[in-house]
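This is what each chain is made of:
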Amino acid sequence: MNTQSCIVFECWLDGEGGLSSDKNSPQNRDRPRWIHMDYSIGNAEAELVALGLDPHISESLVRIDTRPRTVTTGEGVFIALRGVNSNPGSNPEDMVSLRMWIERGRLITVRQRRIFSVQDVRATLDNNIGPYDIPSLVIAIVERLADRISDFVDAIESHLEEHEADVELGGKAHIRRQVSLLRRQTAVVRRFLAPQRDALDNLFRHSGGILNEDQAYSIREQSDRITRYVEDLDIARD
C-alpha cells in the first residue's frame with residue numbers, strides 16, 4: 001500500500017530570487033534546499049530521520065503541541081514559532097505552529113495546518129523575487145509571520161476604537177459581549193507572542209554561525225517587532 005508523502009513541496013534556490021523543483025538537475029546538487037512538510041501526513045518523523053536529522057530534533061519537529069522556542073546544536077538550529085491562523089473558517093487567534101530546522105545549505109519547515117506566511121514566501125520565489133539563500137529565506141518567513149501578526153493587532157485596535165465610539169449610542173450589553181471576545185482573543189495571542197519574542201532573540205544571539213551579523217540583526221528587528229505587538233496587546237487588554 002502506498003503511503004502519502006508528508007512533503008508538501010521541495011525546491012532549490014537558484015541564488016537569483018527564483019527556484020528549481022527538479023530533483024534530478026545536476027545544478028541543484030550544491031544549491032540551498034528548502035523542504036516543506038506536513039507532519040500529520042505519512043510518517044514525517046521517519047522521513048526527517050532519513051534526511052539525516054537527529055532523532056531528538058525530528059521528534060521536536062513533529063511534536064503535537066509546542067510553544068515558541070529555539071534550540072542550537074552543532075549541526076544547526078531548531079526554532080518553533082506561531083503564526084496567525086488565516087485559514088478559511090478559522091479563528092485568527094487559534095495560532096498555527098511552524099517549526100524550522102536551519103542548516104547552512106538546507107531549511108526544513110514543518111507544519112500541520114496551512115500557513116499563509118510560508119505560501120507568501122513561496123510565491124515570491126515562484127515570481128523570481130524571493131530569497132537567494134537559507135538565511136534570507138528564514139528572515140523572509142519570520143517577517144511574513146510578523147506581518148500577519150501586525151494585521152491582527154491592528155484589527156483588534158480598530159475594533160476597540162469602534163466599540164468606544166458606540167458606547168455613547170447605547171447597546172452596552174452587546175458591546176460588552178464584543179469586548180469580552182476581543183479580550184479573549186488578545187489573551188490567547190499574547191500567550192504565544194511573549195515566548196515568540198524570546199525565541200527570536202535566542203536565534204539572534206545563538207544562530208550557530210548560520211547567520212552573519214547583518215542577518216542576525218534582521219532577526220533582532222523582528223524580535224523587537226513582536227515586543228511592540230505584545231505591548232500593544234497589553235494596552236488593548238487594559
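That block above? That's the structure.
The present account deals with the structure reproduced in this document. If you're wondering where the values come from, they're calculated on a predicted model, not measured in any experiment.

Regarding its fold elements, the protein presents 6 helices and 7 strands. Along the protein, from the amino end to the carboxyl end, the secondary structure elements read β-β-β-α-α-β-β-β-β-α-α-α-α. When each of the 238 residues of the protein is scored for burial, the buried share is 48%. When contacts within the protein are restricted to residue pairs at least 6 apart in sequence, those whose partners lie at least 24 apart make up 63%. A total accessible area of about 12200 Å² is found for the protein, and carbon and sulfur atoms account for 45% of it.

At Asn128, a position not held by glycine, the phi torsion is positive, near 60°. Residue placement: Asn128 occurs in the loop between helix 3 (116-126) and helix 4 (134-166).

Before going further, it helps to spend a moment on the sheet that holds strand 1 (residues 7-13). With mixed pairing, 7 strands are arranged side by side in an open sheet as 2-1-3-7-6-5-4. Looking at strand neighbours, the two that pair on one side only are strand 2 (19-20) and strand 4 (69-72), the edges of this open sheet. The sheet contact formed by strand 1 and strand 3 (residues 33-38) spans 5 bridges and is antiparallel. Paired with Cys11 across the two strands is Trp34, which belongs to strand 3. Running at roughly 155° to strand 6 (residues 96-102), helix 2 (residues 55-62) makes contact with strand 4, strand 5 (77-83), strand 6 and strand 7 (106-111) of the sheet.

Taken as a whole and assessed by the stated rule, the structure comprises 15 salt bridges. Ionic pairing is found between Arg106 and Glu103, a salt bridge with its closest N-O pair at 3.0 Å. Residue Arg106 is classed as buried on the basis of its relative accessible area, which comes to 11%. Put simply, Asp198 and Arg197 hold a salt bridge, and the shortest N to O gap is 3.4 Å. By relative accessible area, Asp198 is classed as partly exposed at 41%. Here Arg197 falls in the partly exposed class, since its relative accessible area comes to 24%.

Moving on, we get to the pairing of strand 3. Successive residues of a regular strand alternate their side chains across the two faces of the sheet. Within strand 3, 5 of the 6 residues are buried, leaving the element largely enclosed by the surrounding structure. Here strand 3 runs beside strand 7; their pairing, made up of 6 bridges, is parallel. Paired with Asp38 across the bridge in strand 7 is Arg111.

Take helix 2 next. Among all positions of helix 2, only Ile57, Ser58, Ser60, Leu61 and Val62 are buried. Residues of helix 2 that are buried sit in contact with helix 1 (44-50), strand 4, strand 5, strand 6 and strand 7.

The rules behind these values
Residues numbered from 1 in each chain as written. Predicted model: local features only at pLDDT ≥ 70, side-chain atom pairs only at ≥ 80, totals over all residues. Heavy atoms only, no water. Helix = DSSP H or I, 4+ residues; strand = E, 2+ residues; numbered from the N terminus. Buried < 20%, exposed > 50% of the residue type's maximum accessible area, 1.4 Å probe, protein only. Contact = heavy atoms within 4.5 Å. Areas by Shrake-Rupley, 256 points an atom, 1.4 Å probe, with all protein chains shown as cover. Pairing = 2+ DSSP bridges. Axes fitted to C-alpha atoms, helices over the stretch in contact; angles between N-to-C directions. Salt bridge = Lys/Arg side-chain N within 4 Å of Asp/Glu carboxyl O.

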